[in-house]
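The primary structure of each chain is shown beneath.
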Amino acid sequence: MLEVRDLKKSFGDLPVLRGVSLQMRKGDVTAIIGPSGGGKTTLLRCINFLEKADSGTLTFGGRSYDLGAIGKRDIAAIRMKTGFVFQSFNLFSNKTAVQNITEGLIIARKMPRDQANAIAMRALDQVGLRDRADHYPSQLSGGQQQRVAIARAVATSPEIIYFDEPTSALDPELIGEVLSVMRDLASSGMTMLVVTHEMRFAREVSSRVIFMENGSIVEQGESGPFFAAPREARTQAFLRTISAEK
C-alpha cells in the first residue's frame with residue numbers, strides 16, 4: 001500500500017537521506033531503528049510532507065507521486081488518509097482532550113460537531129481515556145497526552161499512522177501505557193510506520209524492521225530473522241550496543 005523509491009533530502013550541503021527505498025503492505029507494522037542523526041525522523045517527515053524531499057517517488061493508494069514536485073492538492077489528499085503522532089504530543093493547550101480530537105474533524109474534514117464528538121469519544125475509549133475527555137493537557141500526564149495524540153490520529157480512520165519516537169518525551173514509568181495502546185492498534189490490523197528506540201516493541205510487535213544509519217538503510221527484513229540473525233556487521237554491532245546498555 002506504500003512504496004518509497006530513492007528518496008533524497010539534503011539540508012544545504014549536508015545530505016540527510018541518500019536514496020532511501022522501502023515498501024509496506026496493508027497491516028504491516030514497520031519499526032525504523034538506528035542511531036540518532038541517521039535520518040529516521042527526516043524520512044518520516046518527508047513521507048508525510050512536513051519536509052520537502054529533494055527527489056524520490058511515493059506510491060500510495062495505487063497512485064505514484066514525484067516527491068520533489070508534488071502539489072498542495074495531492075499532499076492534502078494523501079494526508080486525509082494518514083495519521084501522524086509526534087514525539088512532543090502537539091496538543092492545543094487551551095482545548096480539552098475531546099476538543100483536540102474534534103478540531104481537525106470539524107475544521108479540516110467539515111464534519112458536523114455531533115458526529116465529530118461521537119467519533120472522538122470512541123477514539124478516547126480506544127486508548128482508555130474516556131474519563132479524561134474534558135481534561136486539558138496540563139491536567140494530564142505525559143503518557144495520557146500521548147494517548148490523546150494517538151486517539152486524534154485514530155479518529156480520522158487513517159490507512160496508515162506514522163509515529164515519530166512516540167515515547168521519547170516520556171518518563172520511563174509512562175512508556176508502557178503508550179506502547180500498550182500501540183500494541184492494541186497493531187493487533188487490530190492498523191498499518192504503522194514507527195521510528196523508535198524501543199527495541200522490545202520493535203522485536204515483539206513489529207512485523208518488519210528497518211535499520212538506518214547516515215541517511216541510508218543498512219538492513220531491513222522481517223522482525224524475527226532480523227533480530228535473531230542480522231546479516232550486516234553494522235547491524236550486529238548496533239544491536240550488541242543496545243543490549244549492553246540495558
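A brief report on the enclosed structure follows. (Residues numbered from 1 in each chain as written. Predicted model: local features only at pLDDT ≥ 70, side-chain atom pairs only at ≥ 80, totals over all residues. Heavy atoms only, no water.)

1. Quick word on the overall build of the protein
What the protein contains, in helices and strands, is nine helices and ten strands. Scaling as 2.2 N^0.38, a compact globule of 246 residues should have a C-alpha radius of gyration of about 18 Å, and the protein matches this with 18 Å. Taking the principal axes of its C-alpha atoms as reference, the protein extends roughly 55 × 45 × 35 Å. Put simply, the protein has 246 residues, and 50% of those count as buried. Intrachain contacts of the protein at a sequence separation of at least 6 include 63% that bridge at least 24 residues. By element, 47% of the accessible surface of the protein is carried by carbon and sulfur atoms, the whole surface being about 11700 Å². For the protein, the separation between the mean place of its 31 positive charges and that of its 27 negative charges on side chains is 4 Å. (Helix = DSSP H or I, 4+ residues; strand = E, 2+ residues; numbered from the N terminus. Rg over C-alpha atoms; globule rule 2.2 N^0.38 Å. Buried < 20%, exposed > 50% of the residue type's maximum accessible area, 1.4 Å probe, protein only. Contact = heavy atoms within 4.5 Å. Areas by Shrake-Rupley, 256 points an atom, 1.4 Å probe, with all protein chains shown as cover. Lys, Arg positive; Asp, Glu negative; His and termini not counted. Charge placed at Lys NZ, Arg CZ, Asp CG, Glu CD.)

2. So, the packing of helix α3 (residues 97–107) against helix α5 (residues 142–154)
Running from N to C, α3 and α5 point in directions that differ by 30 degrees, and their axes come no closer than 9 Å. Relative to α5, the element α3 lies roughly parallel. Where α3 crosses over α5, the handedness of that crossing is right-handed. For the pair formed by α3 and α5, the contact residues are Ala 97, Asn 100 and Ile 101 on the first element and Val 148, Ala 151 and Arg 152 on the second. When grouped by side-chain class, the residues that make up the contact of α3 with α5 number four nonpolar, one polar and one charged. (Axes fitted to C-alpha atoms, helices over the stretch in contact; angles between N-to-C directions. Parallel < 35°, antiparallel > 145°, perpendicular 65-115°, else oblique. Left-handed = near helix turned anticlockwise from the far one by under 90°. Nonpolar A, V, L, I, M, F, W, Y, C, P; charged D, E, K, R; others polar.)

3. Concerning the sheet that holds strand β1 (residues 2–11)
Within the open sheet, the four strands sit side by side as β2-β1-β4-β5. Their pairing is antiparallel. The sheet terminates laterally at β2 (14–24) and β5 (63–66), the two strands that pair on one side only. With direction set aside, neighbouring strand axes in the sheet form an average angle of 20 degrees. As paired strands, β1 and strand β4 (residues 55–60) are joined by five bridges and run antiparallel to one another. Paired with Leu 2 across the bridge in β4 is Phe 60. (Pairing = 2+ DSSP bridges.)

4. What to know about the pairing of β1
Strand direction decides the pairing type here: β1 and β2, joined by eight bridges, are antiparallel. Paired with Ser 10 across the bridge in β2 is Pro 15. Hairpin connection of β1 to β2: two residues between the antiparallel strands, including Gly 12 at a positive phi of 65 degrees.

5. Regarding the nonpolar core
Counting 42 residues, the largest nonpolar core has Leu 124, Ile 150, Phe 163, Met 182 and Met 192 as the members making the most contacts within it. Considering each element in turn, this core owes the most residues, eight residues, to helix α6 (residues 172–187). Every residue in contact with Met 182, bar those within four places of it in the chain, is listed here: Ile 150, Phe 163, Pro 166, Met 192, Val 194 and Phe 201. Within the second largest apolar cluster, 29 residues are counted, among which are Cys 46, Leu 67, Phe 86 and Met 212. (Core = buried A, V, L, I, M, F, W, Y, C linked by side-chain atoms within 4.5 Å.)

6. Focus on unusual backbone geometry
Positioned with a positive phi, Asn 90 is a non-glycine residue whose angle comes to about 55 degrees. Looking at where Asn 90 falls in the secondary structure, it is placed in the loop between β6 (82–85) and α3. With a phi angle near 55 degrees, Lys 110 is a residue other than glycine that sits in the positive phi range. Tracing the backbone shows Lys 110 in the loop between α3 and α4 (113–126).

7. Focus on the environment of Ala 153
Take Ala 153: it is sitting in helix α5. Judged by relative accessible area, which is 5%, Ala 153 ranks as buried. With near-sequence residues (within four places) excluded, Ala 153 lies in contact with Gly 83, Phe 84, Val 85, Pro 158 and Ile 161.

8. As for α3
Those residues of α3 not exposed but buried are Ala 97, Val 98, Asn 100, Ile 101, Thr 102, Leu 105 and Ile 106. Structurally, α3 contributes buried residues whose contacts are with α4 and α5.

9. Brief notes about the pattern of salt bridges
In the structure shown here, the tally under the stated rule is eleven salt bridges. One salt bridge connects Arg 200 with Glu 204, and the closest N-O pair in it is separated by 3.1 Å. Note that Arg 200 and Glu 204 are positioned in helix α7 (residues 199–204) at a spacing of four residues, about one turn of the helix. Classification of Arg 200 by relative accessible area gives exposed; the value is 54%. (Salt bridge = Lys/Arg side-chain N within 4 Å of Asp/Glu carboxyl O.)

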